[in-house]
Structure formats: structure tokens, C-alpha cells
Amino acid sequence: MRILNYKRLYMTVGIIGLGLMGGSFAMAIKKLTMIKKIRGFDHNKEHEKEALSLNLVDEIVSFEEIKQADVIILAIPVDGIIASLKDLQDVNKNTTIIDLGSTKERIVSSIPVNLRKNVVAAHPMTGTEKFGPSAAFDDLYKDKVVVLCDLENSGQHQQETAVRLFSGIHMKLVYMKAHEHDLHVAFISHMPHLISYALANSVLQHEEHENILNLAAGGFRSMSRLAKSSPNMWGDIFRQNKTHLLDSLSYFEKELALMKKMVQEEKWDRLDSKMKDANSLHDILK
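Residues numbered from 1 in each chain as written. Predicted model: local features only at pLDDT ≥ 70, side-chain atom pairs only at ≥ 80, totals over all residues. Heavy atoms only, no water.

Focus on the packing of helix α7 (residues 178-204) against helix α10 (residues 231-240)
Stated precisely, the cut-off is as follows: Orientation is described by axes fitted as lines to C-alpha atoms, over the contacting stretch for helices, and by angles from 0 to 180 degrees between their N-to-C directions. Strands are runs of DSSP state E lasting at least 2 residues, helices are runs of H or I lasting at least 4, and numbering of each runs from the N terminus. Under this scheme an angle from 65 to 115 degrees is roughly perpendicular, one under 35 degrees roughly parallel, and one over 145 degrees roughly antiparallel; angles in between are oblique. Crossings are sorted by hand: turned counterclockwise from the far helix by less than a right angle, the near helix makes the crossing left-handed, and turned clockwise it makes it right-handed. Note on contacts: a residue pair is in contact if any heavy atoms of the two residues lie within 4.5 Å. Under the grouping applied here, Gly and all other residues not named as nonpolar or charged are polar, the nonpolar ones being Ala, Val, Leu, Ile, Met, Phe, Trp, Tyr, Cys and Pro and the charged ones Asp, Glu, Lys and Arg.
Across the interface, α7 lies against α10 with an axial gap of 11 Å and an inter-helix angle of 125°. Here α10 runs oblique to α7, going by the angle between their axes. Judged by the sense of rotation from one axis to the other, the crossing of α7 with α10 is left-handed. Contacts from Ser189, His190, His193, Leu194 and Tyr197 in α7 reach Pro231, Trp234, Ile237 and Phe238 in α10. Residue classes in the contact of α7 with α10 are distributed as six nonpolar, three polar and no charged.

Here is the structure:
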């Protein structure tokens, strides 16, 4: 999209949620000349203290004070985003509110009508299994994709502000409808997380799990890494995207059952062919 002359050169940014996503965003935008000050707020007071000591934000303020920022970033679980939007209805008409939630359709449909122009629904396709302010690092967003959903429903000023910020921290912008976003991320993000939790529990429930885990090498560690992710955050995501998550799991269960049958019936040539089909994924992802 075309960026017009930016009227407000220096912006105060307020970040609600000072964990991995919020803290890393603060570190990234600190490098931008357009940023005047970064204020932070988190319901977890220990996170506030830690974020301040790590110099992620310039100051800690109250929720009411953060409403005075030019840009407000919602880097909290999905349910918290929806609740916060209801409490932000009295912000200035020029305020830009950017939510970083991992599901979009439920959030977009929950935006109060009088706040719709203020809000930009975004999902940065990045993250790690770690959480909290100490997990933040300045290159988390660099060269990653950010999906901007239903952007045409945001105000022109808000659109330009969001594009300027995400482009400034070197993200690749993709535009999509909220419904399409939730369908797609169910396959490439939400389903893999749920499978990782299931994989970890399948081993932990085995009576000899300690002996099994003593042998854990690259394969298991790679596949189970996502099981370290915050249950609080991912519980919200699974609830918000239940329908698409279940659909993606059905596809997975069908493929798993098919390959299980090939093993049972010792159809090794067919299994080999299936595995070669799967190899093509990494040619696509290059």
C-alpha cells in the first residue's frame, strides 16, 4: 500500500504485555528514529519490574496512562486482547491500536464499532517456546512475515502507522481476510503446537519415560520443543480457533492412520513413496 507523508514524526508507543512478543517488539522499534518513548504495562508486576530492569521500555505506566500513547500494542493472550479492546474505547481518534494475537476472526468481530478505525489486526508469524521479558530479543521480528487482516476496515492513518512500523523493523507484509488467516494458521502453527503437547505427554505417560528420555536426541527434541510454550497463551488460541484446529487435526489423523496401516501391513514401498512426498515440503519452503 502507498504510504503518505507521515504527519507525526515522533510517536509514543504503549505496549500492553511485556513478555516475549511485547518485549521483543519494544527492542525492535527502539532502533527507529520515529519512536519518541516506549511505555509498558503488564498485569504481572514482576514482568513490569523485569522489563524495566532489562531496559525493554522507558517507563512503566498504568493502563489509563497507556491510553495516551500514539500507538498501543496489544501483546497479550487472545482473550486478554478482546477484553482490553472494550476498555480502550475512549482513546483519541488518531490513536493506532495494533493487536498481535495469533487468531484474528474472533478478535476482529469483537472490536467495538466506535473503535474499528483505530484497530489494526496483525499477526507476526514468529515466536519461540520461551516466554516472559527475559525471553525477548531484538531480532525476533526481523525478516519474518506479518499478516495484516481486513486492513481496509482500519483508518487510513492507522493503516499507514502499522505499515510504517512493521516495515521499519524489516517484516514482510502479507494482507489477508481474518477468516482465511485462521484457516491457514491452524495448519502451520496451531496444529503443530497441539501435536507437540500430545507427543510430550505420550512419552511422559509411559511407565519407563525416564529411561526413554535419557535417549532423547535431535528428532524428539525438535518435535517436542513447542510443548515448552505457554499453556495459558495456547489454551486461548485453541479455544478461539477451535473449528479450524479440529479440521486440521482431521487431516493429520487421516495421514497418520494411513502411514500406520502401511507399517502394520509392511507395505514398505508405499511408505517410502509417502515419505518422499513429504520431502517435497522443504523444497517449497526454501
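Observations regarding helix α11 (residues 242-264)
Turn by turn, an α-helix covers 3.6 residues, leaving residues three or four places apart pointing in a common direction. Heads up, the condition is: Each helix should span, by expectation, one fewer than its residue count multiplied by 1.5 Å. Each residue's exposure class comes from its accessible area (1.4 Å probe, protein chains only) as a fraction of the maximum for that residue type: buried when under 20%, exposed when over 50%, partly exposed otherwise.
The end-to-end C-alpha distance of α11, which contains 23 residues, comes to 32 Å, matching closely the 33 Å that a straight helix rising 1.5 Å per residue would cover. Residues His244, Leu245, Ser248, Leu249 and Met262 constitute the buried set of α11. Contact partners of the buried residues in α11: α5 (105-110), α7, α10 and α12 (268-284). Following α11 by one or two positions, Glu266 adopts a phi angle in the positive range, close to 55°.

Some thoughts on the sheet that holds strand β4 (residues 71-74)
Applied cut-off: Here the rule is simple: two strands pair whenever DSSP picks up at least two bridges between them.
One open sheet holds the eight strands; their spatial order is β3-β2-β1-β4-β5-β6-β7-β8, and the pairing between them is mixed. The sheet is open, and its two edges are formed by β3 (59-60) and β8 (172-176), each paired on a single side. As paired elements, strand β2 (residues 35-41) and β3 share two bridges and run parallel to each other. By the bridge assignment for β3, Gly40 is matched with Ile60. α7 contacts β6 (119-124), β7 (145-149) and β8 of the sheet and is inclined by roughly 115° relative to β8.

Quick notes on the packing of aromatic side chains
Applied cut-off: Side-chain rings of Phe, Tyr and Trp, where Trp is taken by its six-membered ring, are said to pair if the distance between their centres is within 6.5 Å; with planes under 30 degrees apart they count as stacked, over 60 as edge-to-face, and otherwise as tilted.
Here the structure, examined in full by the defined rule, presents six aromatic pairs. A centroid spacing of 6.0 Å and a plane angle of 70° characterise the contact between Phe25 and Phe166, whose relative ring orientation is edge-to-face. Pair noted here: Phe25 is in helix α1 (residues 20-29) and Phe166 is in helix α6 (residues 156-168), with a separation of 141 residues, a long-range link. Among the residues examined, Phe166 registers a relative accessible area of 0% and is labelled buried. With a centroid separation of 5.7 Å and 45° between ring planes, the pair formed by Trp234 and Phe238 is classed as tilted. Taken together, the residues span about one helical turn, with Trp234 and Phe238 both in helix α10 at a distance of four residues. Both residues of the pair, Trp234 and Phe238, count as buried. Site record: aromatic cluster; members linked through ring pairs are Phe25, Tyr141 and Phe166.

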